[in-house]
Structure formats: C-alpha cells, structure tokens
Amino acid sequence: MTEALILNFRDVSRGDVGKVGGKNASLGELIGALVPQGIAVPPGFATTADAFRFFIAHNELASVISDHFAALAAGRHSLAEAGAAIRAAVLAGQWPDRLKEAIGKAYRDLADEAGDPALATAVRSSATAEDLPEASFAGQQETFLNISGEEALLDACRRCYASLYTDRAISYRAAHGFAEDAVALSIGVQQMVRADLASSGVMFSIDTESGFPDSVLIDGAWGLGENVVQGAVDPDAWQVFKPLLPDPELYPIIQKNRGAKAIKMVYPASGEGTTVNVETSAEERAGFVLTDSEVLQLARWATLIETHYGCPMDMEWAKDGPDGGLFIVQARPETVQSRADRGTLRSYSLEQHGEVLATGLAIGAAAASGKVCRIKSAADIADFVEGSVLVTSTTDPDWVPIMQRAAAIVTDHGGRTSHAAIVSREFGLPAIVGTGDAMEVLRSGQEVTVSCIGGDQGVVYAGAAKIAAETIDLTDLPASRTKVMLNLADPGAASRWWQLPTDGVGLTRMEFVVANTIKVHPMALVHYDELEDAAAKAEIARLTAGYADKGEYFVDQLAFGLARIAAVHHPEPVIVRMSDFKTNEYAGLVGGASFEPEEENPMLGFRGASRYYSPLYRAGFELECRAIKRLREQLGFTNVAVMIPFCRTLEEADRVLEVMAGAGLQRGDDGLEVYVMCEIPANVVLAGEFADRFDGFSIGSNDLTQLTLGIDRDSELLAEQFDERDPAVEWMIRHVITEAHRHRTKVGLCGQAPSDHPEFARFLVECGIDSISVTPDSFVAVKRHVAQAERDFAETASKKEPVA
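Parameters and conventions
- Residues numbered from 1 in each chain as written.
- Predicted model: local features only at pLDDT ≥ 70, side-chain atom pairs only at ≥ 80, totals over all residues.
- Heavy atoms only, no water.
- Helix = DSSP H or I, 4+ residues; strand = E, 2+ residues; numbered from the N terminus.
- Rg over C-alpha atoms; globule rule 2.2 N^0.38 Å.
- Buried < 20%, exposed > 50% of the residue type's maximum accessible area, 1.4 Å probe, protein only.
- Contact = heavy atoms within 4.5 Å.
- Areas by Shrake-Rupley, 256 points an atom, 1.4 Å probe, with all protein chains shown as cover.
- Lys, Arg positive; Asp, Glu negative; His and termini not counted.
- Charge placed at Lys NZ, Arg CZ, Asp CG, Glu CD.
- Pairing = 2+ DSSP bridges.
- Axes fitted to C-alpha atoms, helices over the stretch in contact; angles between N-to-C directions.
- Expected span 1.5 Å × (residues − 1).
- Arc of directions from axis to C-beta.
- Parallel < 35°, antiparallel > 145°, perpendicular 65-115°, else oblique.
- Left-handed = near helix turned anticlockwise from the far one by under 90°.
- Nonpolar A, V, L, I, M, F, W, Y, C, P; charged D, E, K, R; others polar.
- Phe/Tyr/Trp six-rings, centres within 6.5 Å; stacked < 30°, edge-to-face > 60°.
- Lys NZ or Arg CZ within 6 Å of the ring centre and 35° of its normal.
- Polar contact = N/O pair within 3.5 Å; in protein donor to acceptor, adjacent residues only side chain to side chain.
- Salt bridge = Lys/Arg side-chain N within 4 Å of Asp/Glu carboxyl O.
- Core = buried A, V, L, I, M, F, W, Y, C linked by side-chain atoms within 4.5 Å.

Caption draft 1: Local environment of the overall build of the protein chain. Assigned secondary structure in the protein chain consists of 29 helices and 30 strands. Its C-alpha atoms give the protein chain a radius of gyration of 30 Å, within 12% of the compact-globule value 28 Å for 804 residues. Overall, the protein chain is about 95 × 65 × 60 Å in size when its C-alpha atoms are taken along their principal axes. Counting all 804 residues of the protein chain, 57% fall into the buried class. Considering only intrachain contacts with a sequence separation of at least 6, the fraction spanning at least 24 residues in the protein chain is 70%. For the protein chain, the exposed area adds up to about 31700 Å²; of that, 50% sits on carbon and sulfur atoms. Separation of charge centres in the protein chain, based on 71 positive and 114 negative side chains, amounts to 2 Å.

Here it is, written out as structure tokens:
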C-alpha cells in the first residue's frame, strides 16, 4: 500500500480529520499555526485511518466485525457479547511489519528529538468522526499515559484500536447516527508533560452552563489530568473575563474556587502499571495548582486558540514539573453551548419543594423529578431503571448508555469540566456534581427533585416539586429611550441572563455575596484575634484558610463575587449598593452577634449610611471600599459605580464620602460615580442638595412608600394600603425626578412595581425617568411596556403640534 501510515503532527492540519481524526488534526493545527504565536504544544505523531484499515485487513477482521454487528442487529448477540467478541479479535491481531516499523521509527525519532531514548508518551485514540459539531465523542475511546518503549507503545496502540468497540463507544455511535463502517481510528502519540510532578486540567473558552461567550473557564488538579476529566477529583476552578485580558496591568480573574483535590494521578514508584492515584498532602489540598499569572497565561492562550478556530473551544492543559512550563495538550470545538438557540431563554421555577437533601455544582439550568437509582459502579449499570435520577460517585464513558436514559444525574465528585458534566450538557439533562455525600444521604426509590435553576448551586430536594417552565422570546424587542436595567444579587446566576439586551444593572445587592459566600461579619475578621466566641473563631479559621490577613478574605471574595456580575454586563454600568443589612441580619453572620446592638426596630435603626462612618462599623465599610477599589483598578471593571443606601441627612452624605475617599474611593477619580438611594422623604425634600453631592439617584420604591405612607411594609393588616401608586408616593417620585434633572443628575427606580403594574411603568416614563431596574424574569415585559408608553406619548405630542 502507498498510503501514509504515520504523520508527524507538524504535517497535519485541521483539514485532515478524515486521515487522523479530530483530536490529532487539531494538535497538528495547534503546532503549525499557534506554536509560532507562543502557545506551547508537546510534539508527537499520529497513525492514520489508513493504518487502522491496514491493520484490520491484515488480520482479516472486517468480516468478523460485520458478522458480530449483524448478530447484534438480529438480536442473537447482546451489546456486551458483540463488543467483547470484536475487542478480543482486535487484541489478538498481529501488526503488519510495515506498520510496526513505521510506528517504531516515529517513536525513535520523537525520543531522539527529546533526547530521551525511553521517552514517556501519552497515547490517545482519535476517531475519524470525532469532535464533529453533532457530537463530542468525549472519552469514548481509550487513553494510555506514561507509555515508554516500542513494545509498550505497540501494545497500547492495539488496545486503542480495540477501544473503538467498547460497549459505550458502539452505543454512542448508534445514538448519534454514525454507521460503523464510516468510523475509523487514528492514534495520537505525544510526548508526556510531567504533570505528575505538577498539575493539569481542562479549559473552555465559553461559559459551559450559560453560553456566556466572554468567559474562560479553567479547572485543575495536582498530577495527571485524567482525574479532572473523569470527575474523580474536585478541582480548583477559575473564571477569567476575556475582553480585559489584552491589558497586561489587569488581573481579570472573576472567580477562584479552591477544590478538595483529595487525590492525584502520578507515575508509580515501582511495580506494574503506568499510573497510580495517591492521596494529596495537606499542603497540596490547601493550595492552588496554578498561580494567578499562570491562570491568565492559559486564558490568553484560550482566546488565541478560539480566535484561530473561529468557535468556542474545549482544551486540556498540563504543567511540567521539572521546568514549570505550561502546555496545551488537546483542543477541540465545544459542541453544546456553541450550537444552542440564542433567540429564546428557557426559565424554570419550583413550587412546593421539600427539604434540602444534598447540594453541589449545578450543571445546566433546568429541573427534573424522579425516583433515585443508586449505582455504585459500572458493573451494576444493568440495574438502572430508565427515567430515574442516576446517583453515583463519579462517571466515565462506560456510563453513557444509562446516562442518556436518566431524568437527571447526581454525583459525589467532579467539577464543571468532568465527564458527568460534559455528557449531561450534551444530553440536556440537569445534573449536580461534587455533592460529596449524595451516595450516603439518598436512597434508591426515593422521590426527589433535582434543581439547577438557582445559579451555581444545584439542590436535591425531597419529593416531586411542581416544576414550571417559561420560554422567553428575545426576538424583536423594541428600543426605548428609558434605560431598562436589572436588579441582581447572585453572582452564580448572573451569566444566565447575558442574552438580555439590558442597559446594565441598576441594583447589585452586595449583601447576597456577604451572606452566602463570605458568611462572616466583617468586624469579626478585623478583630479576629480578640474574638471570644470559640465556635465562631473556629469557623472563621476554616473559611479563611490560606489567608494570613483575615480582612483580605473579605476583600477577595467580595471583589470576585461582584466581578461576575460586572463582567456579564460590561461595559454597561453596574451599580453596586454598599451593604444594607439591618442589625438583626448582620448579627446572623458568623461572629456577628458580638458586634451588633439589639434594636426594637432595625428597619429604622442602625443601617445604611449611618454605619459607614460609625466606629462600630467603619473598619468593615473600609473593607467594602477596598473590594470595590480592587474590582475597578486591579480586575479592570471601571463600569462599576457605587450606591449609598438609607442616607438620612446631608451631613451624613458628606461623612460617608469622606470615609470613602480615605479608603481610596474618591468620587470622580477614574470615572467613579457615586449614587444615593432615594428612599427617605428627606431625600426628596432636599433632592437638590443631595444632587450636588452624588452622581445619581435610585428610587427605592419599597422604603419610600413605607416612609411616605407610614406603613410597615411587612404588616399583613396594612398590606392592602401599601401601594407605590398612591398619589402621595407618586408626588414624591415625580418631584425627585424633576429636581434631579434640574440639577443635571440621573435618576432611576429599582423596585417591583414596574414589573407588577404596567401603568406604573407608564407613569415613570411620563415623568421622564432615566432608567428602570427590574428582575431578570420581568425584563422583557417591562421593556415592551416602556417602549409602548414612549410611542403613545410621542403620538399624543405629535397630535398636539400645530399644523403649519
């Protein structure tokens, strides 16, 4: 035969999928096009599809394979029987001399190039139909690591060929409509990066859950990368904002989570086998596997690769232990979010759910109910009941045949780039990974609801909840002069609304990040050494592990949380309200009881601006300011403005601005805008004087209604009288809008009323308000109401104009 049996990666490009499969074609493309741009890719070579066919023909296996598939189709063989028989025949095959010598020579040349005659290699299968847009083929064929020497390499290659006929690979191809005779196998042989002495992982150039295109997601763990891919380890995780990467002075890392990393895959010290899992040390578990600079380097590589390919990419990276260098070892097009419909949003809600049974990382944005089916290992998959909620420790490609028949999937281990996560996305199933205890707390036959609709955290609830779904049509949304913005709080859910054509975020509630991520009272961090509450002190020590400065933990986590919201809407303005907990709410934070007074009426007590200059909280407020300063100056989100809540007097406004300036947040510096909430009648009465001190007002309709009408908004007895549309409240709103505009100051409203009452949105437009900020699920309706109101007023005005 004259066909090429071996091709060096340098001689391969992405147009060679038919010759060497998607995986190897992509490696060749990387080496040829992107190594010159500074991306490091280990060298290697590929056996071709012709080499596979040569092996099959030499051993007369074509008829054997077709006979077994015919028996499978006729029902004479089970899938397991057919697959086992074909694999046995392939493994018994002999290498044609020409092919054997070609593989041996290519290996010797690679070893000579590396200067190591016993060079360790990674041997990966690459199906010729792999990584096409219609299917990811994730892990369907085998990979063998740390393969050294020609005989070991030939044995690994034979096993790669056989892996084309595993049960999982056969059923996967059948599910995706690939004819068996249309798929061949290429083998990639690549110089090993000594990640066993460092770290490795997976990277995506798109948010794998929401499809937000401006994120790079990076997962990593100690040792070789198979544990991350298979979900056997809970990895470290980062999220990086792509548009700010070109500025070398910025560090646009918007999420940084330390995983448990309980095990790592390394080369064995002695004995048989090529890899082994060992426990990580306490120091390894406490640290991150990459520095911030390394994370940014990988993210920049991801953007280069994505730009070259012209589509979102799924990549694997590795860090070399001996020299500390980073490498890209695989790259292929992402196959789920890149094909999603962008014209609509699917929104889910739950009603009457039961108690929380387990939590973990949410995969997807849907919910499903069903009975639990616990499966301990792949050997037991025959016990799976179709339509059940699959609960297991972790999955690998052997699980695919039952994963596609599940209502939802829950695993104890794994991250957002694990096998369970990737396959769940492809099948459109809600999944929760990394719960830590699902196998322990859930029992087979138990009715549960798996919910991934609340942001990053997925929840398993007891019982079958009522699940409501709504499709939001984003096509043909009208333009409006009045800006329509969002009210947001949860960073984990922010990216799910990236497709909404908003004008930014009118209200970002800082309290959510403090309560749900930081969890500690800021003054307990400032005065940690003086804390007398032993239990609180122990919990703070656990939460702040790795931070020598406890206050730095607060600054870091608050900046990261707010950055995820700021990124989704960049470069549109994102207005962050400084903390507005009441004293009873602050007291509920870890260590908070020691720093909060007891008040009869916290709603009208020590809250908002009055705390910021008080000795009782000033140091805590300065931590908030440090976080905003870092968010703007180091991460690069200069689109972030700040807002002061519940500012009672002009003197109070001056004192707060003075404290902010002392903490490095000077109004006007680098474009920093400072807004004030208009929620107290004094803000309306002295609107002109407040306008001289701030860049804008945000009308808080709930508190303004409460204080104008003298009604406790939480009173059930007075609920019918609490109405933002009351003439007195509308007078207040109209007056502050007029005064703000007289002083050339912006004014908006954040509240529920425009969502609940279209006529109230119409009233605001009539008053000339600059912006309205609403919840994401009501954005489309309010946008249409606002646009219609503007059209109506324009038509009315045109009719009143005199005829020339």
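Still more to cover.
Caption draft 2: Representation of the sheet that holds strand β28 (residues 696-700) within the structure. The parallel closed barrel is built from eight strands, whose spatial order is β23-β24-β25-β26-β27-β28-β29-β30. With strand direction ignored, the average angle separating the axes of adjacent strands in the sheet is 30 degrees. Running at roughly 155 degrees to strand β23 (residues 483-488), helix α29 (residues 779-800) makes contact with β23 and β30 (771-774) of the sheet.

Caption draft 3: The arrangement of helix α5 (residues 97-114) in detail. With 18 residues, α5 extends 26 Å between its outermost C-alpha atoms, agreeing within 8% with the 26 Å of an ideal straight helix rising 1.5 Å per residue. Turning to α5, its buried residues number three or more, namely L99, I103, G104, A106, Y107, L110 and A111. Seen along its axis, α5 keeps its buried residues to an arc of 160 degrees; they face one direction. Along α5, the residues that are exposed and aim more than 90 degrees away from the buried face are D97 and D112. Residue G115 follows α5 closely and has a positive phi angle near 75 degrees.

Caption draft 4: How the structure looks around the pairing of strand β24 (residues 505-509). Counting buried residues in β24 gives four out of five residues, a clear majority hidden from the surface. Two strands pair when backbone bridges link them, and β23 and β24 are joined in this way by three bridges, in the parallel orientation. The residue bridging N487 from the neighbouring strand is L507, located in β24. As paired elements, β24 and strand β25 (residues 574-577) share three bridges and run parallel to each other. Bridge assignment links R509 to a residue of β25, and that residue is R577.

Caption draft 5: A look at the packing of helix α25 (residues 701-709) against helix α26 (residues 727-742). Closest axis-to-axis distance for the α25/α26 pair is 9 Å, and the angle between their directions is 120 degrees. Our classification of the angle between α25 and α26 gives oblique. Between α25 and α26 lies a crossing of right-handed hand. On α26, the residues touching L704, T705, T708 and L709 of α25 are A728, V729, M732 and I733. Per-class residue counts for the contact of α25 with α26 are six nonpolar, two polar and no charged.

Caption draft 6: Focus on the packing of aromatic side chains. For the structure on display, the rule yields 13 aromatic pairs. Residues F69 and Y165 carry aromatic rings whose centres are separated by 6.4 Å and whose planes lie at 55 degrees to one another, so their mutual orientation is tilted. On the criterion of sequence distance, the pair formed by F69 in helix α3 (residues 62-74) and Y165 in the loop between α6 (150-162) and α7 (167-175) is long-range, its members being 96 residues apart. Y165 carries the same exposure label as F69, and that label is buried. Relative to Y553, the ring of Y547 lies with its centre 5.6 Å away and its plane at 75 degrees, an arrangement referred to as edge-to-face. Like Y547, the residue Y553 is buried in the burial classification. One aromatic cluster in this structure is built from F52, F55, W95 and Y161. The ring centre of Y309 lies 5.0 Å from the NZ or CZ of R14, which sits over that ring. It is K256 that lies over the ring of F288; its NZ or CZ is 4.8 Å from the centre.

Caption draft 7: Structural detail: the sheet that holds strand β17 (residues 389-392). In spatial order, the strands read β15-β19-β18-β17-β16-β20-β21; together these seven strands close into a barrel with mixed pairing. Between one strand and the next, the sheet's axes are offset by a mean angle of 35 degrees, whatever the strand orientation. Pairing between strand β16 (residues 367-374) and β17: three bridges, direction parallel. Opposite V372, over in β17, you have V389 as the bridge partner.

Caption draft 8: Examining the environment of Q330 more closely. Mapped onto the elements, Q330 comes out in strand β13 (residues 326-333). Along the backbone, Q330 and V433 are 103 residues apart, and their C-alpha atoms lie at a distance of 24 Å. The residues touching Q330, leaving out its near neighbours within four places in the chain, are K23, L27, R124, D314, M315 and E316. There is a polar contact of 2.5 Å between the side chain of Q330 and the side chain of R332.

Caption draft 9: Geometry of the pattern of salt bridges. Using the criterion set out here, one finds 39 salt bridges in the structure. Note that D703 and R607 form a salt bridge whose closest N and O atoms lie 3.2 Å from each other. Within this pair, whereas D703 is found in helix α25, its partner R607 is found in the loop between α19 (583-587) and α20 (609-612), the two being separated by 96 residues in sequence. Each member of the pair, D703 as well as R607, carries the same accessibility label: buried. What you see here is one network of salt bridges that share partners, running through E552, D556, R626 and R630.

Caption draft 10: Highlighting helix α21 (residues 618-633). Over its 16 residues, α21 runs 22 Å from end to end, which matches the ideal 22 Å to within 8%, given 1.5 Å per residue. Among the residues of α21, those classed as buried are G620, F621, L623, E624, C625, A627, I628, R630, L631 and R632.

Caption draft 11: Spatial organisation of the environment of G605. With respect to the secondary-structure elements, G605 resides in the loop between α19 and α20. Using a relative accessible area of 15% as the deciding quantity, one classes G605 as buried. Excluding residues that lie within four positions of it along the chain, G605 makes contacts with E599, S610 and R648.

Caption draft 12: View of the nonpolar core. In terms of nonpolar packing, the biggest core is built from 103 residues, with F637, I644, M660, F697, I699 and I733 touching the most fellow members. When residues in this core are grouped by element, the largest group, 10 residues, is from helix α18 (residues 550-569). Setting aside anything within four residues of it in sequence, one finds M660 in contact with F621, C625, V642, I644, L665 and V674. Grouped together as the second largest cluster of nonpolar side chains are 41 residues, I65, L110, L119 and I147 included.

Caption draft 13: Representation of the pairing of strand β2 (residues 44-47). Burial along β2 is two-sided: G44 and A46 facing one way and F45 and T47 facing the other are all buried. Alignment of strand β1 (residues 6-8) against β2, held across three bridges, turns out to be antiparallel. Paired with N8 across the two strands is F45, which belongs to β2. Relative to strand β5 (residues 185-191), β2 runs antiparallel, the two sharing four bridges.

Caption draft 14: The arrangement of the environment of D207 in detail. Within the element layout of this structure, D207 appears in the loop between β6 (199-204) and β7 (215-222). Judged by relative accessible area, D207 falls into the buried class, the value being 7%. Sequence separation between D207 and D50 is 157 residues, and the spatial gap between their C-alpha atoms is 37 Å. At 3.3 Å, the side chain of D207 and the side chain of S495 are in polar contact.

Caption draft 15: Representation of the packing of helix α1 (residues 17-34) against helix α10 (residues 292-309) within the structure. In the contact formed by α1 and α10, the axes pass within 12 Å of each other and the chain directions differ by 105 degrees. Here α1 lies roughly perpendicular to α10, going by the angle between them. Note on element contacts: α10 touches α1 through L304, I305, H308 and Y309, opposite S26, E29, L30, A33 and L34. Taken together, the residues of the contact of α1 with α10 sort by class into six nonpolar, two polar and one charged.

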